[in-house]
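Given next are the chains, with one letter for each unit.
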Protein chains: 2
Amino acid sequence: MSETIEVPLVPVELKAIDPDTYFDHNQPPKNLQWAHDKVIEFITQQDSNRPIALVTSGGTTVPLENNTVRFVDNFSAGTRGSASAEQLLALGYVVIFLYRENSLQPFNRHYSHNSQGMLGYLTPDGNGGVKVKDEYAIKVLNDLELFEKYKGQLLQVTFTTLSDYLFLLREISLILAPLGSRSMFYLAAAVSDFFIPSHNMAEHKIQSGTGDLTLRMNQVPKFLRPLVKNWAPECFVVSFKLETDPDLLAPKAKYALEKYGHQIVVANLLNTRKWQVWLITKHHDPYLLQIPQQELENGRDIEQDLVAELARRHKQYISSVSETQ
Amino acid sequence: MSETIEVPLVPVELKAIDPDTYFDHNQPPKNLQWAHDKVIEFITQQDSNRPIALVTSGGTTVPLENNTVRFVDNFSAGTRGSASAEQLLALGYVVIFLYRENSLQPFNRHYSHNSQGMLGYLTPDGNGGVKVKDEYAIKVLNDLELFEKYKGQLLQVTFTTLSDYLFLLREISLILAPLGSRSMFYLAAAVSDFFIPSHNMAEHKIQSGTGDLTLRMNQVPKFLRPLVKNWAPECFVVSFKLETDPDLLAPKAKYALEKYGHQIVVANLLNTRKWQVWLITKHHDPYLLQIPQQELENGRDIEQDLVAELARRHKQYISSVSETQ
């Protein structure tokens, strides 16, 4: 191995750029105006007593080229976000689901990411039509009924890049802000920590003829700060922290709460996240939620417990805020 | 902007590592043995007069951490590969489809990547069952019939990382090699050009607290050389070259043919690839295939023309080889 690859990661002491600077230097997504209008229309249609949740889900991408062939992606199928959206709907929430295009969606998540595809579930009905195979009919019918039942309380908005996500997050936050404590931000999306500013990016596909490649990436500004302080100051904000090193989990979560001043961090580890999460708040010890491996294998989602507990705390938050007013 | 990000890309003169070294230093995928057995079983079941195509499709990922949270991905939904597999099957080929997990699959591709998901196509049939909505029935029935018709001639194998892909490509190549000219390699997958060797990777999630990030990546060895020279020397090999800069397209394709000694490069540009491709061979001028925008909008795939032309040349190749024997 050549010396040049001995140290693949060289962090450099440097301050992250200011969030506003980010919006000045990046292009908004094509669906921003559509999302703006849709969200307003959607919210005004809802019963004003219902709590509203913005659920972000899936990973953001960071292009390495302006004509994008390559990008850095964040591992996330959208399992947590899509399962949580289902639970929030079941608990009476109105849900805006801001998700990575082609990542898992509520109710559809059981069918979209498998090797047989949609056609594998289907068979001709003999009368020129097509039906779901009998062995799947009961489960599909159940999910279909939920899918139809909650259609009116669920609005889905897609993003792909980090930039799409941040523009849409700001836009929707500003619309939800006036609803105050009634709004919950459930920020489960896996957001990139590093990016290459558009004006510093290679115009064309990076050529591989010349040996090694060194990528210098900027730290992504911490958007939780402006979200909590300026965009939606009275809303109930739940952020997520995924780590692979257990020792970093609690300290980093506490640090985030101190720094951004929001309500809860849901902390989890890459390898145990499907059955173990910690709710971390400023003034209490970490609150562990976990389900037995057995129940997991039986198809139970930890999101049932997680969302139920968060909804309970959101309710407390709403009344505590109304008392102080 | 700080000076440290002025030059995001610094190519370093350095020779790519040897392919064999790569296999010594990386872990094979979990499905390698399964794929080995399946491919042999699959091929032995087939009519020995049929041509066989290995179609690779979708993008490979390159992890940035051993406990992978982040990875570099290559832009590719798998449209070309999945559409081409359908055409090859229609022309009597047996197809091994080596594709990126959750990328587009033959026949299912029209239903898997859209916002309504599978449930959006379905409705209760009133008798406790579920059927495809009438407005979709004809199209779905048609694709379902093709899906069923070609089941026996199609074997699907999934990869995710660059390493998965390369191990599986070598394994399948060595199995197809004895079939000689009867085998076509249709290498449409978007394969990473750069990677971080496992032993040089960060063990845990890269921390973002310390400012910028510098990633030093190795060039991926050119596997087309051992594939053509050693793994499957007598097979008909079609490689694909995607560029964003028109001026680089032809010269890079010609260079690849000289260097690797295979039969055809299908060259295309990121922005016109859906209706314009060039077949580039060693001794002839580039052969342009394109379809009118109008037909594209009517749902016609350029893969119909592309695959028909490649199958014609494959046939010529087979007879030319048999003559010289």
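These numbers were taken from a predicted model, which means no experiment stands behind them.

Student: Break down the confidence of the model for chain A for me, citing the residues and quoting the values.
Tutor: Residues and elements named next belong to chain A. Put simply, chain A has an average pLDDT of 88, and 91% of its residues get 70 or more. Within the model, pLDDT remains below 50 along residues 1-15, and this stretch shows 46 contacts once partners closer than five positions in the same chain are excluded. Among the scores for the predicted complex, ipTM is 0.87 and pTM is 0.89.

Student: For the packing of helix α3 (residues 79-90) of chain A against helix α10 (residues 303-323) of chain A, give the residues involved together with the corresponding values.
Tutor: Residues and elements named next belong to chain A. Where α3 meets α10, the closest approach of the two axes is 9 Å, and the angle between their N-to-C directions is 55°. In terms of orientation, α3 lies oblique with respect to α10. Crossing geometry of α3 relative to α10 is assigned as right-handed. For the pair α3 and α10, contact is made by R80, A83, S84, Q87 and L88 and by E303, Q304, L306 and V307, respectively. Split into classes, the residues belonging to the contact of α3 with α10 amount to 4 nonpolar, 3 polar and 2 charged.

Student: Provide a residue-level description of helix α5 (residues 134-149) of chain A, including the pertinent values.
Tutor: In this model, α5 of chain A (16 residues) spans 23 Å end to end at C-alpha, consistent with the 22 Å of a helix rising 1.5 Å per residue. At V140 of chain A, α5 of chain A shows its strongest bend, of approximately 30°. Listing the buried residues of α5 of chain A in full gives A137, V140, L141, D143, L144 and F147 of chain A. Looking at the buried residues of α5 of chain A, the elements they touch are α4 (109-112) and β6 (130-132) of chain A together with β5 (122-124) and β6 (130-132) of chain B.

Student: Tell me about the pattern of salt bridges, residues and numbers included.
Tutor: Scanning the model with the defined rule gives 30 salt bridges over all chains in all. Among the salt bridges present, the one from E295 of chain B reaches R300 of chain B, with a minimum N-O distance of 1.9 Å. Overall, the relative accessible area of 22% leaves R300 of chain B in the partly exposed class. R312 of chain B serves as the salt-bridge partner of E309 of chain B, at 2.5 Å between the closest nitrogen and oxygen. Here R312 of chain B and E309 of chain B lie together in helix α10 (residues 303-323), a separation of 3 residues that amounts to about one turn. Taken together, the shared-partner salt bridges connect R70 of chain A together with D193 and K222 of chain B into one network.

Student: I'd like a description of the sheet that holds strand β13 (residues 276-280) of chain A, backed by residues and values.
Tutor: Residues and elements named next belong to chain A. One open sheet holds the 8 strands; their spatial order is β7-β4-β1-β8-β11-β12-β13-β14, and the pairing between them is mixed. Each end of this open sheet is capped by a strand with a single partner; those strands are β7 (154-159) and β14 (287-290). This sheet shows a mean twist of 20° between the axes of neighbouring strands, independent of strand direction. Running over the sheet, helix α8 (residues 246-260) touches β11 (236-243), β12 (264-269) and β13 and is turned about 165° from β12.

Student: With reference to specific residues and values, describe the nonpolar core.
Tutor: Ranked by size, the top nonpolar core spans 112 residues in total, and within it F185 and M217 of chain A together with F185 and M217 of chain B carry the most contacts. Setting aside anything within four residues of it in sequence, one finds F185 of chain B in contact with L54, S173, L176, L227, A232, C235, F236, V237 and V238 of chain B. With 84 residues, the next largest nonpolar core counts L144 of chain A together with L122, V140 and I264 of chain B among its residues.

Student: Which residues make up the sheet that holds strand β3 (residues 70-74) of chain A, and what are the values?
Tutor: Read from one edge to the other, the open sheet built from 4 strands follows the order β2(A)-β3(A)-β3(B)-β2(B), with strand pairing classed as antiparallel. Sheet topology places β2 (61-63) of chain A together with β2 (61-63) of chain B at the edges, where each strand pairs with a single neighbour. Neighbouring strand axes in the sheet, compared pairwise and without regard to direction, differ in orientation by 25° on average. Bridge analysis of β3 of chain A against strand β3 (residues 70-74) of chain B gives 5 bridges, and the strand direction is antiparallel. From the neighbouring strand, F71 of chain A faces β3 of chain B, where its bridge partner is D73 of chain B.

Student: Could you give an account of the UniProt feature "domain: DOD-type homing endonuclease" (unreviewed entry) in chain A, naming the residues involved and the relevant values?
Tutor: The UniProt record annotates "domain: DOD-type homing endonuclease" (unreviewed entry) at residues 118-181 of chain A. Each end of residues 118-181 of chain A is marked by a C-alpha atom, and these two atoms are 40 Å apart; helix forms 48% of the span and strand 19%.

Cut-offs and rules
- Residues numbered from 1 in each chain as written.
- Chains lettered and ligands numbered in written order.
- Predicted model: local features only at pLDDT ≥ 70, side-chain atom pairs only at ≥ 80, totals over all residues.
- Heavy atoms only, no water.
- pLDDT = per-residue confidence, 0-100.
- Contact = heavy atoms within 4.5 Å.
- Axes fitted to C-alpha atoms, helices over the stretch in contact; angles between N-to-C directions.
- Helix = DSSP H or I, 4+ residues; strand = E, 2+ residues; numbered from the N terminus.
- Parallel < 35°, antiparallel > 145°, perpendicular 65-115°, else oblique.
- Left-handed = near helix turned anticlockwise from the far one by under 90°.
- Nonpolar A, V, L, I, M, F, W, Y, C, P; charged D, E, K, R; others polar.
- Expected span 1.5 Å × (residues − 1).
- Bend = angle between axes of the 7 residues up to and from the residue.
- Buried < 20%, exposed > 50% of the residue type's maximum accessible area, 1.4 Å probe, protein only.
- Salt bridge = Lys/Arg side-chain N within 4 Å of Asp/Glu carboxyl O.
- Pairing = 2+ DSSP bridges.
- Core = buried A, V, L, I, M, F, W, Y, C linked by side-chain atoms within 4.5 Å.
- UniProt positions renumbered as here; feature names shortened; annotations may be inferred.

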